[in-house]
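Geometric and topological summary
The primary structure of each chain is shown beneath.
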Amino acid sequence: MLLKLLILDRDGVINYDSDAYIKSVEEWIPLPGSIEAIAQLSKAGWTVAIATNQSGIARGYYDLATLEAMHARLRELVAEQGGEVGLIVYCPHGPDEGCDCRKPKPGMLKTIAEHYAVPLTRVWFVGDSLGDLEAAKAVDSQPVLVKTGKGEKTQGKTLPVGTLIFDDLAAIAAELIHN
Ligand SMILES: O=P(O)(O)OC[C@@H](O)[C@H]1O[C@@H](OP(=O)(O)O)[C@@H](O)[C@@H](O)[C@@H]1O
Ligand SMILES: [Mg+2]
Ligand SMILES: [Zn+2]
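Residues numbered from 1 in each chain as written. Chains lettered and ligands numbered in written order. Predicted model: local features only at pLDDT ≥ 70, side-chain atom pairs only at ≥ 80, totals over all residues. Heavy atoms only, no water.

As recorded in an unreviewed UniProt entry, the protein goes by the name D,D-heptose 1,7-bisphosphate phosphatase, listed as coming from Pseudomonas khorasanensis. Looking at the protein in UniProt, the text filed under Catalytic activity (unreviewed entry) is "D-glycero-beta-D-manno-heptose 1,7-bisphosphate + H2O = D-glycero-beta-D-manno-heptose 1-phosphate + phosphate". The protein has a UniProt comment under Subunit (unreviewed entry) that states "Monomer." (UniProt positions renumbered as here; feature names shortened; annotations may be inferred.)

Quick look at the structure:
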């Protein structure tokens, strides 16, 4: 049976985003319902992985230990609700480094798919930025836009054909668990 894999962007989907970047655990604040949504999906048999750009590392705004502390906090909160978070992949590079992992490149999605040994075709990738949706499209995954974070602004742009739109991660969980 094929793994029920869901891939999430982090900032603006799981937690509040900021134009000043999320630079500390204290600044990392879950969006309403997002922790519960991840826990419910996990308990319903979904594997929830994360693919996140973290150019703040390259920019020197925070270090890897701080980033890992944010992800430990995320895992702790989901575990408290009886769920678990799968693989978290991040791109620590800056826009000008020409890496293969920074969205809109699909490198992180490929890493996740290889980790779980599943195809990316039609796997839902949920994001709030156009680069998230383009990364999904690049590997024939399903681009899914949420209106949280930068999502409302992104909604006004030209989206990849077939992009699904939901209010937030809780609405996505309801859709996937009950349909
Ligand atoms: O949404 P994800 O991928 O989880 O993370 C986005 C963050 O890495 C930051 O990405 C930056 O874009 P630049 O990396 O400076 O282009 C800005 O958009 C920040 O507001 C944002 O916090
Ligand atoms: Mg985002
Ligand atoms: Zn990278």
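Re the coordination of the magnesium ion (ligand 2)
Looking at the magnesium ion (ligand 2), the protein donor atoms are Asp9 (OD), Asp11 (O) and Asp128 (OD), and they sit 2.1 Å from it. Sequence spacing of the donors to the magnesium ion (ligand 2): D-x1-D-x116-D. Here aspartate 128 lies in the loop between β4 (124–127) and α5 (130–138) and aspartate 9 lies in the loop between β1 (5–8) and α1 (34–43), a separation of 119 residues in the sequence. In terms of burial, aspartate 9 and aspartate 128 fall into one category: buried. (Donors = N, O, S within 2.8 Å, 3.2 Å for Na, K, Ca; no water. Helix = DSSP H or I, 4+ residues; strand = E, 2+ residues; numbered from the N terminus. Buried < 20%, exposed > 50% of the residue type's maximum accessible area, 1.4 Å probe, protein only.)

Quick look at the nonpolar core
Leu8, Ile14, Ile38, Leu74 and Ile172 are the most contacted members of the largest nonpolar core, which totals 32 residues. Every element with two or more residues in this core is listed here: β1, α1, β2 (47–53), α3 (64–80), β4, β5 (142–146) and α7 (169–178). Here isoleucine 38 is in contact with Leu8, Ile14, Val48, Leu74, Val78, Glu84, Val85 and Leu169, once residues within four sequence places are set aside. Grouped together as the second largest cluster of nonpolar side chains are 19 residues, Ala51, Val89, Cys101 and Phe125 included. (Core = buried A, V, L, I, M, F, W, Y, C linked by side-chain atoms within 4.5 Å. Contact = heavy atoms within 4.5 Å.)

Some points on the coordination of the zinc ion (ligand 3)
Distances from the zinc ion (ligand 3) to its protein donors, Cys91 (SG), His93 (ND1), Cys99 (SG) and Cys101 (SG), fall within 2.0 to 2.3 Å. Angles of 104 to 117° at the metal separate the four donor atoms of the zinc ion (ligand 3), which places the site in the tetrahedral class. Between consecutive donors of the zinc ion (ligand 3), the numbers of intervening residues give the motif C-x1-H-x5-C-x1-C. One exposure class covers both cysteine 99 and cysteine 101, and it is buried. (Tetrahedral: all angles 85-135°; square planar, octahedral: opposite > 155°, others 65-115°.)

Some thoughts on helix α4 (residues 107–116)
Turning to α4, its buried residues are Gly107, Met108, Leu109, Ile112 and Ala113. Looking one or two places after α4, you find alanine 117, whose phi comes out positive at around 55°.

Concerning unusual backbone geometry
Of the consecutive residues lysine 103 and proline 104, the connecting peptide bond is found in the cis state with omega at 15°. Within the secondary structure layout, proline 104 lies in the loop between β3 (88–91) and α4. Even without being glycine, tyrosine 21 reaches a positive phi, approximately 70°. Among the structural elements, tyrosine 21 can be located in the loop between β1 and α1. A positive phi angle, close to 60°, is found at aspartate 140, a residue other than glycine. Looking at the secondary structure, you find aspartate 140 in the loop between α5 and β5.

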